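Take a look at the letters that make up each chain.
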Amino acid sequence: MALKDIDNEISEGLSKLEGVDTNQLVLTATVKDGSDGLGDVKEVRSQGLVVPNKALRFSFVILEVTVNVDGKIITVFEEDAPNSELCTRPLLVALADENDRKGLCMTHIPIMIEREEIEKSTLFVEIEEGKQRIYKVVFKGTMYDEKLQRSGEGILAAGSSWFCTLCEKGRLDPISSVLPITRTHENNMALYSKYVENANHMKQADLVKEVKGIVRKPFIMSEPCVDATHAEIHWGEKNYDMYVREISGIMCWGKPSNDDDAKKVKSTKRMLDTELQLQCGLKREHGFMVDGNYARDLVKSETVDVVCSLIQSEARKSVVREYVSYYRELRSIYRKHNADLDDAVKFKTIAANFYKLLHEKFPYLHPLSNYQHKVLDHIPQLIEQYGSVGKFASEGNEKGNKLFRRFRKFNARKSQIHEMPDILKFHWLYTMKSLQTMVNWEKTRSLVCSKCGCAGHNQRTCIT
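Since the structure is predicted, the reported quantities are computational estimates derived from the model, not experimental observations. Every chain begins its residue count from 1, and numbering advances along the sequence as written. Only residues with pLDDT of at least 70 get local features here, since the model is predicted, and only at 80 or more are side-chain atom pairs given and counted; chain-wide, interface and lining totals rely on the full set of residues. With hydrogens and water set aside, each side-chain value is computed from the structure's full complement of heavy atoms.

**Comments concerning the nonpolar core**
For this analysis, a nonpolar core means a set of buried residues of the types Ala, Val, Leu, Ile, Met, Phe, Trp, Tyr and Cys, connected via side-chain atoms within 4.5 Å. When a residue's accessible area, from a 1.4 Å probe over protein chains only, is under 20% of the maximum for its type it is buried; when over 50% it is exposed; and in between it is partly exposed. Y243, L272, Y323, F354, F362 and L376 are the most contacted members of the largest nonpolar core, which has 68 residues in total. Secondary structure elements are defined from DSSP: runs of H or I of at least 4 residues count as helices, runs of E of at least 2 residues count as strands, and each element is numbered from the N terminus. Every element with two or more residues in this core is listed here: β4 (54–69), α7 (228–248), α8 (259–280), α9 (292–297), α10 (301–310), α11 (314–334), α12 (341–361) and α13 (370–386). It is α11 that provides the largest number of residues to this core, a total of nine residues. Contacts between residues were defined by any pair of non-hydrogen atoms, one from each residue, lying within 4.5 Å. Ignoring sequence-local partners within four residues, the contact set of L272 consists of Y240, Y243, V244, I247, V307 and L310. Within the second largest apolar cluster, 23 residues are counted, among which are L17, V67, V69 and V76.

**Observations regarding the packing of aromatic side chains**
Side-chain rings of Phe, Tyr and Trp (the six-membered ring for Trp) are treated as a pair once their centres are within 6.5 Å; stacked means planes under 30 degrees apart, edge-to-face means over 60, and tilted covers the remaining angles. For the coordinates displayed, the defined rule picks out 10 aromatic pairs. Relative to W428, the ring of F60 lies with its centre 6.1 Å away and its plane at 45 degrees, an arrangement referred to as tilted. Here the residue F60 occupies a position in strand β4, and W428 occupies one in helix α15 (residues 419–430), the gap between them amounting to 368 residues. Its relative accessible area of 13% is what places F60 among the buried residues. With relative accessibility at 17%, the residue W428 sits in the buried group. Of the aromatic side chains, those joined through ring pairs into one cluster are W235, Y323, Y326, Y327, F354, F362 and Y364. Positioned over the ring face of Y240 is R284, at 4.7 Å from the centre of the ring. Whether a charge sits over a ring depends on NZ of Lys or CZ of Arg being within 6 Å of the ring centre and within 35 degrees of the ring normal.

**Some details on the pattern of salt bridges**
Basic side-chain nitrogens of Lys or Arg form a salt bridge, by our definition, when they fall within 4 Å of a carboxyl oxygen of Asp or Glu. Inspection of every chain in the model, using the stated rule, returns 21 salt bridges. K433 is the salt-bridge partner of E79, the closest N and O atoms lying 3.2 Å from each other. Taken together, the residues span a long stretch of sequence, with E79 in the loop between β5 (72–78) and β6 (89–95) and K433 in helix α16 (residues 433–438) at a distance of 354 residues. In terms of burial, E79 and K433 fall into one category: buried. Among the ionic pairs, E232 bridges to R296, the shortest N-O distance being 2.6 Å. Here E232, found in helix α7, pairs with R296, found in helix α9; they are 64 residues apart in sequence, far enough to count as distant. Judged by its relative accessible area of 1%, E232 is buried.

**As for a nonpolar patch on the surface**
A cluster of nonpolar side chains, namely L429, L435 and M438, defines an oily patch on the protein surface of about 300 Å² accessible area. With respect to the element layout, M438 can be found in helix α16. Residue classification places M438 among the exposed positions, given a relative accessible area of 67%. Exposure above 30% relative accessible area and no salt bridge define the residues that can form patches, which grow by joining like charges within 9 Å and nonpolar side chains of Val, Leu, Ile, Met, Phe, Trp and Tyr within 5 Å. Note on areas: these come from Shrake-Rupley sampling with a 1.4 Å probe, and a residue is covered only by the protein chains present in the view.

This is the structure:
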């Protein structure tokens, strides 16, 4: 149905192929899919009781459709805004908790089985009576956030002894400029078998290290990639903590060692929040994950100026500015929708210089977090392998959370039986390109970026 919905765009792309019988062509559709937990969606029902529910949604985006003509790959359709909620189509909406592995398996395993079968088979899509198109589908499961991918791939939970979801590096292993991506679903399954058998009768701690953190059976079958959205959010958390440490002068590793330092850090956070809100209009909700807009605004010039005005040492001000400049350059590359090999080479050089700065000037930031390691060590290889990291981000899924709550509040019937199908139907209709064309969606002012003129995002989230 989703392929049929974009057939007008596909037909327009095929019409540019001269002297080719398009009826016999086999089209290749590249799809990114993934799941996202919405957290607590409790609601006051008619009886006045608060029903604690946690919701989970599985979505997909058709990134592009290509065709092989005489050995040459030609793109006949490409999604202009792959990270927009307007093209992120829901496949499953359920009241389930992503932290509950049994519930996660129950909802995801049927989808994984279907996904595997679709990749092995050929799809015949009827676009009109007596006419059909032939498709092969390739999945890129890259909209999973760190927590969900760890759970689905059976990797030990993130913490003081985390293992990377892309390579076999542990938290305390020495850093390097570039590390190979070694984790695949098959590799993780083999390690799980080794863990279960324990042929050498190893101790639990040694066995976990030997199997690279695989302690449960993997089932998600995701592609190795970095979610640019969650990486950006996580960097925002780390950047905020760095600002607080630089302003307060408490630069010890880990949490403050005494009560006086802890109080100073706490008062510094209040002061920083007040200044950022007064001078930049930024408001941080403590106790919640930093949102993407706040994370991006933290490295803007005006924000850095405010932070540096609160730092006493002139030397540390220049170091902080150097840190932010390196991060901005890295972000501009890994957020690109279509990077190239020159970008990968440039990224390696910047990342090496950034590593050197972190090691010499910011020792209290070590060891690096999981997302920091993945961005600095793996982005170049991912660009070389997939051509992009930015277009595989999960903004569409994250924005879909707001749609879920809106549909649940205003449209869905308030019953456990009917509300999930209602939300799924409303969300599916919302993402249909044929309906968007009918209502001139792209010309709706609130949905068009005032900076680049593209639909599906605004000036704040624009990457151009």
